[in-house]
Structures are given as structure tokens and as C-alpha cells.
Amino acid sequence: VGRKGRGVESVSMVSDAAREMLRAHVIGELAGDLDATMAPLSDHPIWLIPNYRLEGREAVRAMYERALKVMPAAYTEEILRALDDPSPVGETRIV
């Protein structure tokens with residue numbers, strides 16, 4: 001599926017359904033809502049974060065219980081913008 005972004009046509013690597021699940025997850029993060037953040041995740045999520053590997057809902061939920069209290073809104077807002085922009089530029093990169 002082609003998308004136009006910043007004068008360059010790019011190819012979407014993510015299905016619309018996956019994009020909407022990610023959007024629901026990030027909106028939960030932005031609201032600081034742990035249940036909404038966890039709802040779109042699979043039964044056995046795996047988070048690969050530099051120097052960490054979190055596996056399973058309990059481990060990911062425990063991380064979010066701590067992280068949501070300190071996660072800057074600008075971080076999640078940038079992710080939401082990146083969902084609609086195939087070539088995000090900013091302090092954070094979506095790969």
C-alpha cells in the first residue's frame with residue numbers, strides 16, 4: 001500500500017488493523033491508563049528494549065505500571081504522529 005509523505009511515496013509495512021491496535025495502545029499510554037495500554041497486546045507480548053527483554057503480559061504490565069508514571073506525553077504524541085507519517089523526524093525514531 002503506497003502512502004505519500006513529504007513528497008516521497010513510501011510503502012506501508014503495517015496493516016491498517018495493526019496500525020489501529022498500536023494507536024489504541026499508544027492512546028492508552030498517553031492517558032496513563034494501564035488497562036487500555038495492555039488491552040491491544042497479544043496473550044504473550046515480547047518487548048525488546050535496549051539491554052532488556054520483557055516477555056509475557058505480567059512482565060510487560062509491571063514495566064508499564066512504573067513507566068506510565070514517568071513517560072513524557074511528548075514521547076507518545078510523537079509516536080501517534082508517526083503512525084500517520086511514514087517518515088517521522090524527531091528525537092524518537094519508529095522502525
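These numbers were taken from a predicted model, which means no experiment stands behind them.

A.B. asks: Describe the overall build of the protein chain, and please don't skip the residues or the numbers.
C.D. replies: Summing up its helical and strand segments, the protein chain has four helices and four strands in all. Sequence-ordered secondary structure for the protein chain, helices as α and strands as β, is β-β-α-α-β-β-α-α. The long-range share in the protein chain, meaning contacts at least 24 apart out of those at least 6 apart in sequence, stands at 37%. Total accessible area on the protein chain is roughly 6700 Å²; 57% of this is exposed by carbon and sulfur atoms.

A.B. asks: Help me get a handle on the packing of helix α1 (residues 16–31) against helix α4 (residues 73–84), residues and values and all.
C.D. replies: In a packed pair of helices, the relevant descriptors are the angle between the two axes and the axis-to-axis distance. At a minimum axis distance of 9 Å, the contact between α1 and α4 shows a crossing angle of 160°. In this view, α1 runs roughly antiparallel relative to α4, as classed from their interaxial angle. Both α1 and α4 take part in a crossing whose hand is left-handed. For the pair α1 and α4, the contacting residues are Arg19, Leu22, Arg23, Val26, Ile27, Glu29 and Leu30 in the first and Ala73, Thr76, Glu77, Ile79, Leu80, Leu83 and Asp84 in the second. The class makeup of the residues in the contact of α1 with α4 is eight nonpolar, one polar and five charged.

A.B. asks: Describe in detail the environment of Arg19, supporting the description with residues and values.
C.D. replies: Tracing the backbone through its elements, the reader meets Arg19 in helix α1. Judged by its relative accessible area of 12%, Arg19 falls in the buried class. Between the C-alpha atoms of Arg19 and Asp84, which are 65 residues apart in sequence, the distance is 9.2 Å.

A.B. asks: Which residues make up unusual backbone geometry, and what are the values?
C.D. replies: Even without being a glycine, Asn51 presents a positive backbone phi close to 75°. With respect to the helices and strands, Asn51 occurs in the loop between β3 (46–49) and β4 (52–55).

A.B. asks: Residues and numbers for the nonpolar core, please.
C.D. replies: Leu34, Met38, Leu41, Leu54, Val60, Met63, Tyr64, Ala67 and Leu68 form the largest nonpolar core, which has nine residues in total. Per-element tally for this core: the top contributor is helix α3 (residues 57–67), with four residues. Leaving out residues up to four positions away in the same chain, Leu68 has contacts with Glu29, Gly32, Asp33, Leu34 and Thr37.

A.B. asks: Could you give me a rundown of the side chain of Thr76, with the residues and numbers involved?
C.D. replies: Within the fold, Thr76 resides in helix α4. Not counting residues up to four positions away in its chain, the partners in contact with Thr76 are Val26, Glu29, Leu30 and Met71.

Reading guide: rules and limits
Residues numbered from 1 in each chain as written. Predicted model: local features only at pLDDT ≥ 70, side-chain atom pairs only at ≥ 80, totals over all residues. Heavy atoms only, no water. Helix = DSSP H or I, 4+ residues; strand = E, 2+ residues; numbered from the N terminus. Contact = heavy atoms within 4.5 Å. Areas by Shrake-Rupley, 256 points an atom, 1.4 Å probe, with all protein chains shown as cover. Axes fitted to C-alpha atoms, helices over the stretch in contact; angles between N-to-C directions. Parallel < 35°, antiparallel > 145°, perpendicular 65-115°, else oblique. Left-handed = near helix turned anticlockwise from the far one by under 90°. Nonpolar A, V, L, I, M, F, W, Y, C, P; charged D, E, K, R; others polar. Buried < 20%, exposed > 50% of the residue type's maximum accessible area, 1.4 Å probe, protein only. Core = buried A, V, L, I, M, F, W, Y, C linked by side-chain atoms within 4.5 Å.

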